[in-house]
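What the coordinates show
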Amino acid sequence: MDYETIDADGFGRSLRGIGLNLLVRDVKAECAFLETVFGMESHQVTADFAIVTYGDQVFQLHSDGTYHSNPLLGLLPESPPRGAGVEIRLYDTDPDAAAARAEEAGAMVLQAAADKPHGLREAYILCENGYAWVPSRPKDQVE
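Residues numbered from 1 in each chain as written. Predicted model: local features only at pLDDT ≥ 70, side-chain atom pairs only at ≥ 80, totals over all residues. Heavy atoms only, no water.

**A look at helix 3 (residues 95–104)**
To keep things clear, this is the line we draw: Note on exposure labels: buried denotes an accessible area under 20% of the residue type's maximum, exposed denotes more than 50%, and partly exposed covers the range between, all computed with a 1.4 Å probe on protein chains only. For helices the rule is a DSSP run of H or I covering at least 4 residues; for strands it is a run of E covering at least 2, with both sets numbered from the N terminus onward. This arc is built from the directions going out from the helix axis to the C-beta atoms. For this analysis, a polar contact is any N or O atom pair within 3.5 Å, provided that within protein one partner can donate a hydrogen and the other can accept it, and provided that sequence-adjacent residues contribute only side-chain to side-chain pairs.
Of all the positions in helix 3, only Pro95, Ala98, Ala99 and Ala102 are classed as buried. Burial along helix 3 is one-sided: seen end-on, the buried residues are contained in an arc of 100°. Two or three places before Asp96, at the start of helix 3, stands the capping residue Asp94, its side-chain oxygen 2.8 Å from that residue's backbone nitrogen. At the exit of helix 3 stands Gly106, carrying a positive phi of roughly 85°.

**Remarks on unusual backbone geometry**
Backbone geometry places Gln44, a non-glycine residue, at a positive phi of 50°. Locating Gln44 in the fold gives a position in the loop between strand 2 (41–43) and strand 3 (49–54). Here Gln44 falls in the partly exposed class, since its relative accessible area comes to 25%.

**Examining the sheet that holds strand 6 (residues 108–115)**
Let me state the cut-off plainly: By the convention used here, strands pair only if DSSP detects at least 2 bridges between them. Geometry is summarised by axes, namely lines fitted to C-alpha atoms with helices restricted to the contacting stretch, and by angles between N-to-C directions that run from 0 to 180 degrees. Residues are treated as being in contact if the distance between any of their heavy atoms lies within 4.5 Å.
Spatial strand order, 5-8-7-6: four strands in an open sheet with mixed pairing. Lying at the two open borders of the sheet, with one neighbouring strand each, are strand 5 (87–90) and strand 6. Neighbour-to-neighbour, the strand axes of this sheet turn through a mean angle of 20°, independent of strand direction. As judged from the five bridges shared by strand 6 and strand 7 (residues 120–126), these two strands associate in the antiparallel manner. By the bridge assignment for strand 7, Val109 is matched with Ile125. Set on the sheet, helix 2 (residues 27–38) makes contact with strand 5, strand 7 and strand 8 (132–138); between it and strand 8 the angle comes to about 20°.

What follows is the structure, encoded as structure tokens:
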């Protein structure tokens, strides 16, 4: 699928399984964060919307304004963290490298990369919208 040219109807009809859609204050800034820290790719980026890919995975970003008539908007807190209790895990991202890039970009590293008892090395990074991004890899696969 060409994420740069697909129209909204075609994109919507293509979605399967579980989807992730994050409401953010600034779509372009969130895209820049995801590209810089995690090497994601952003497509059809506007002030209101973006398609974001991470490997073979795809998700969406929408600005708050696009949800003007959606009941979810009224539940959002005025300040982060918006996604409290949700971890967005990125199993194909080196946590040490991502944490270093996050610090360079001025993002909040909640927890530096560390080996965990469940076999992963992971870090916790908050974006400016308060979502917890968790780059993770098996301990024996960290570069």
